[in-house]
Amino acid sequence: AGLAVASVAPLWRRNLRRTPLFIHGMVLAHLGIAVSLAGMASESAFTQQTLVAARIGEPQQVGPYTVTLQSIRPILGPNWSALEAQLRVERDGSRFVLTPQSRYFANPVTTTNESSIATVIDGQLYTVLGQQDEAGRWQLRLWWKPFVTLIWAGGAMVAIGGVLSLLGRLLRERRTAARRQEAFA
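Here we summarise the structure given alongside this text. Since the structure is predicted, the reported quantities are computational estimates derived from the model, not experimental observations. (Residues numbered from 1 in each chain as written. Predicted model: local features only at pLDDT ≥ 70, side-chain atom pairs only at ≥ 80, totals over all residues. Heavy atoms only, no water.)

## Some words on the overall build of the chain
Check the secondary structure of the chain and you find 3 helices and 10 strands. Counting from the amino terminus, the chain carries its helices and strands in the arrangement α-α-β-β-β-β-β-β-β-β-β-β-α. Relative to the compact-globule value of 16 Å for 185 residues, the chain shows a C-alpha radius of gyration of 25 Å, a clear excess of over 25%. Across its three principal axes, the chain shows a C-alpha extent of roughly 85 × 35 × 30 Å. Relative to its 185 residues, the chain shows a buried fraction of 33%. Expressed as a percentage of contacts within the chain between residues at least 6 apart in sequence, the contacts between residues at least 24 apart total 46%. With an accessible surface of roughly 11,600 Å², the chain has 58% of that area assigned to carbon and sulfur atoms. Averaging the locations of the 19 positively and 11 negatively charged side chains of the chain gives two centres separated by 17 Å. (Helix = DSSP H or I, 4+ residues; strand = E, 2+ residues; numbered from the N terminus. Rg over C-alpha atoms; globule rule 2.2 N^0.38 Å. Buried < 20%, exposed > 50% of the residue type's maximum accessible area, 1.4 Å probe, protein only. Contact = heavy atoms within 4.5 Å. Areas by Shrake-Rupley, 256 points an atom, 1.4 Å probe, with all protein chains shown as cover. Lys, Arg positive; Asp, Glu negative; His and termini not counted. Charge placed at Lys NZ, Arg CZ, Asp CG, Glu CD.)

## Topic: the pairing of strand 9 (residues 123-132)
Buried residues dominate strand 9, accounting for 8 of its 10 residues. Linking two consecutive strands that pair antiparallel, namely strand 8 (residues 116-120) and strand 9, is a turn of 2 residues. Bridge count between strand 9 and strand 10 (residues 138-146): 8 bridges; the pairing is antiparallel. Across the sheet, Gly123 pairs through a bridge with Pro146, a residue of strand 10. Hairpin connection between strand 9 and strand 10: a loop of 5 residues separates the two successive antiparallel strands, and Gly136 in this loop has a positive phi of roughly 85 degrees. (Pairing = 2+ DSSP bridges.)

## Looking at a nonpolar patch on the surface
Residues Leu3, Ile33, Leu37, Met40 and Val158 make up a contiguous nonpolar surface patch of roughly 390 Å² in combined accessible area. If one sorts the elements of the nonpolar patch by residue count, helix 2 (residues 21-46) sits on top with 3 residues. The residue Leu3 is located in helix 1 (residues 2-7) in this model. (Patch = residues over 30% accessible without salt bridge, like charges linked within 9 Å, V, L, I, M, F, W, Y side chains within 5 Å. Salt bridge = Lys/Arg side-chain N within 4 Å of Asp/Glu carboxyl O.)

Structure below.
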């Protein structure tokens, strides 16, 4: 919070229309760092994790989402075979499907889990398919990470602020060079 407040301090009591572009870029970049830090702190503080043994058709709750295991089907890749889960995800009337996989590689013998991720404006939902137990249930790992998108938004603000800063410096140098030429002409 202190960094966010301090980053906008160069704009206090200034006429924003007359403030050089590079100052706006500097403020935006520093504010982006504060936004990224807020996202990083929120990621560890507000993550909700659910580990369940789910049967097909059984809904599970994680954060604002209801995740239902619809089916498990085998699929083949170029050098692997996999079991792919069809997960129906619902939130506030909207629905979509995520498809995490449990992959098997024959040479060398390796099993990996391929997560399926949904990114929305207020966070990310991660889903991972685990193994089947003796009772026919499937292990599902579900994470809801609200505010994690602030990390990416802050990074974008830093990049845009850097571009504005460079552009502002270039424009300032061009104006200064043009004034010098007018003075000598």
